[in-house]
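Chain and residue survey
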Number of protein chains: 2
Amino acid sequence: MRMGNIYSRVPADLPDELFEDIVVTGEVKIERIISDAHSSPPGFWYDQEKSEWVVLLRGSAGVRFEGAEETIVLRPGDWINIPAHQKHRVEWTDPNEKSIWLAVHY
Amino acid sequence: MRMGNIYSRVPADLPDELFEDIVVTGEVKIERIISDAHSSPPGFWYDQEKSEWVVLLRGSAGVRFEGAEETIVLRPGDWINIPAHQKHRVEWTDPNEKSIWLAVHY
């Protein structure tokens, strides 16, 4: 039995987004992501083999899906279920506080 | 692509704990649980076929594992990874506000 806190151990300096595995099996990965005003590089799209359910727990973020004109703004508690190979990118994350995501890849 | 907010649509009255599926496949289930001062019935132990990663996002709760003398107190952000068949029970949940859990069964 392992325990932790999703809001703890947040590094003060985050030159890059931080991806931390919490649970990893052959079928599922649960990870915490911490963004500090990071965004996806210009022209980059995530194109993932697995589906991803992701919830933003702290901060804010803008996510865009391929073919969509509008960026979806996420606030704490907002979740998105992203089917495998649905291309998406993070346009921006909160400039004023670190954003904490919880993602389940399945 | 589906969206939602983990803190939204919380019923005012909750005679029973509320279990809501968010994602269900053959291998994984993501669910929201809302407790309103509920606890496991006396003598009841969860004994689950699957492992469960569960995070408390709002409220507070006391969880006890079989063979342990102490109840583990959970506050917002605290998570536990519970191996399959590790018996456990919820001794109490917050009497003053509704407690919101996110569970991933895998």
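Everything below is about the structure shown above.
Here we summarise the structure given alongside this text.

Conventions used here
- The residue numbers shown here count from 1 along each chain, following its written sequence.
- Whichever chain is written first becomes A and whichever ligand is written first becomes 1, with later ones labelled in order.
- For a predicted model such as this one, the threshold for reporting local features is a pLDDT of at least 70, and the threshold for listing and counting side-chain atom pairs is 80 or more; totals across whole chains, interfaces and linings nevertheless cover every residue.
- The basis for the side-chain values is all heavy atoms of the structure; hydrogens and waters are excluded.
- Secondary structure elements follow DSSP: runs of H or I no shorter than four residues count as helices, runs of E no shorter than two count as strands, and numbering proceeds from the N terminus.
- Atoms counted for the radius of gyration: C-alpha only. Globule rule: 2.2 Å times residue count to the power 0.38.
- Between buried and exposed lies partly exposed: a residue is buried under 20% and exposed over 50% of the maximum accessible area for its type, with that area taken using a 1.4 Å probe on protein chains only.
- The contact rule is simple, with two residues in contact once any of their heavy atoms fall within 4.5 Å.
- Note on areas: these come from Shrake-Rupley sampling with a 1.4 Å probe, and a residue is covered only by the protein chains present in the view.
- The nonpolar core is taken to be a set of buried Ala, Val, Leu, Ile, Met, Phe, Trp, Tyr and Cys residues, with the residues joined through side-chain atoms within 4.5 Å.
- Here the quantity called buried area is the total loss of accessible area, with a 1.4 Å probe, experienced by two parts when brought into contact, counted for both.
- Salt bridge, as applied in this entry: a Lys or Arg side-chain nitrogen positioned within 4 Å of an Asp or Glu carboxyl oxygen.
- We define a polar contact as two N or O atoms separated by no more than 3.5 Å, with the added condition that, inside protein, one atom must be a possible hydrogen donor and the other a possible acceptor, whereas residues neighbouring each other in sequence contribute only through side-chain atom pairs.
- Residues are grouped as follows: nonpolar covers Ala, Val, Leu, Ile, Met, Phe, Trp, Tyr, Cys and Pro; charged covers Asp, Glu, Lys and Arg; every other residue, Gly included, is treated as polar.
- By this definition, two strands are paired if DSSP reports at least two bridges between them.
- Overlaid copies result from least-squares superposition on C-alpha atoms, with residues included only where pLDDT is at least 70 in both.
- Aromatic rings from Phe, Tyr and Trp, taking only the six-membered ring of Trp, are treated as a pair when their centres fall within 6.5 Å; an angle between ring planes under 30 degrees marks them as stacked, one over 60 as edge-to-face, and anything in between as tilted.
- Cation placement over rings: the criterion is NZ of Lys or CZ of Arg within 6 Å of the ring centroid and within 35° of the ring normal.

Now for the overall build of chain A. Helix and strand counts for chain A stand at zero helices and nine strands. For chain A, the sequential pattern of α-helices and β-strands runs β-β-β-β-β-β-β-β-β. Over its C-alpha atoms chain A spans a radius of gyration of 14 Å, differing by no more than 12% from the 13 Å that the globule rule assigns to 106 residues. In terms of its C-alpha atoms, chain A occupies a principal-axis envelope of roughly 45 × 35 × 25 Å. The buried share of chain A, taken over its 106 residues, is 49%. Nonlocal contacts in chain A, meaning residues at least 24 apart in sequence, comprise 65% of its contacts between residues at least 6 apart. About 5,200 Å² of surface is accessible on chain A, with carbon and sulfur atoms providing 48% of the total.

With that settled, consider the nonpolar core. Core analysis: the largest hydrophobic core is formed by 32 residues, its most contacted members being I30(A), W53(A), L102(A), I30(B), W53(B) and L102(B). Going through the elements one at a time, β2 (18-24), β3 (29-35), β4 (52-58) and β9 (99-105) of chain A together with β2 (18-24), β3 (29-35), β4 (52-58) and β9 (99-105) of chain B are the ones with two or more residues in this core.

By a frequent convention, interface size equals the accessible area lost on bringing the separate parts together. At the interface, 30 residues of chain B touch 30 residues of chain A. Summing both sides of the interface, chain B and chain A together bury roughly 2,700 Å²; the carbon and sulfur share of this comes to 70%. Applying the counting criterion to the chain B and chain A interface returns zero salt bridges. If you look at where chain B meets chain A, you find ten residue pairs in polar contact (both at pLDDT 80 or more). Within the residue set of the side of chain B that touches chain A, elements represented by two or more residues are β1 (2-5), β2, β4, β6 (72-74), β7 (78-82) and β9 of chain B. Here the residues of the side of chain B that touches chain A are counted per class, giving 20 nonpolar, six polar and four charged. Both strand β1 (residues 2-5) of chain A and β7(B) contribute to a ladder of four bridges, which runs antiparallel.

In this section: the relation of the copies chain B and chain A. In summary, the two copies of the chain are related to each other by a rotation about an axis coupled with a shift along it. At an RMSD of 0.0 Å, chain B and chain A line up after a rotation of 180° and a shift of 0.0 Å along the axis. The symmetry that links the two subunits is that of a two-fold axis.

Our next topic: unusual backbone geometry. The phi dihedral of R9(A) falls on the positive side, at around 50°, and the residue is not glycine. You can see R9(A) is positioned in the loop between β1 and β2. One non-glycine residue with positive phi stands out, namely H85(B), at about 65°. Within the element layout of this structure, H85(B) appears in the loop between β7 and β8 (88-93). Classification of H85(B) by relative accessible area gives partly exposed; the value is 44%.

Looking now at the packing of aromatic side chains. When we look at a pair of aromatic rings, we describe it by the centre distance and by the angle of the planes. Evaluated as defined, the whole model comprises four aromatic pairs over all chains. Taking the centre distance of 5.0 Å and the plane angle of 85° together, the rings of F44(B) and Y46(B) count as edge-to-face. Take Y46(B): its relative accessible area is 22%, and that puts it in the partly exposed class. Considering the side-chain rings of W53(B) and W79(B), the 5.8 Å spacing of their centres and the 40° angle between planes classify their relative orientation as tilted. Placement of W53(B) in strand β4 and of W79(B) in strand β7 is noted, with a sequence separation of 26 residues between them. In terms of burial, W53(B) and W79(B) fall into one category: buried. Residue placement shows R89(A) over the ring face of W45(A); its charged tip is 5.9 Å from the ring centre.

Here we come to the environment of I80(B). Positionally, I80(B) belongs in strand β7. Since its relative accessible area comes to 1%, I80(B) is described here as buried. Considering only alpha carbons, one finds I80(B) and V54(B), 26 residues apart in sequence, at a separation of 5.5 Å. Ignoring any residue separated from it by four or fewer positions in sequence, one finds I80(B) in contact with M1(A), R2(A), M3(A), E52(B), W53(B), V54(B), V63(B), F65(B) and L74(B).

Turning our eyes to something else, we now look at the pairing of strand β7 (residues 78-82) of chain A. Residues and elements named next belong to chain A. Counting buried positions over the five residues of β7 gives five, a clear majority of the element. In β7, alternate side chains face the same way, and those of D78, I80 and I82 on one face and W79 and N81 on the other are all buried. As paired strands, β4 and β7 are joined by four bridges and run antiparallel to one another. Across the sheet, residue V55 finds its bridge partner in β7, namely W79.

Take it as geometry only, folks, not as evidence of what the structure does.
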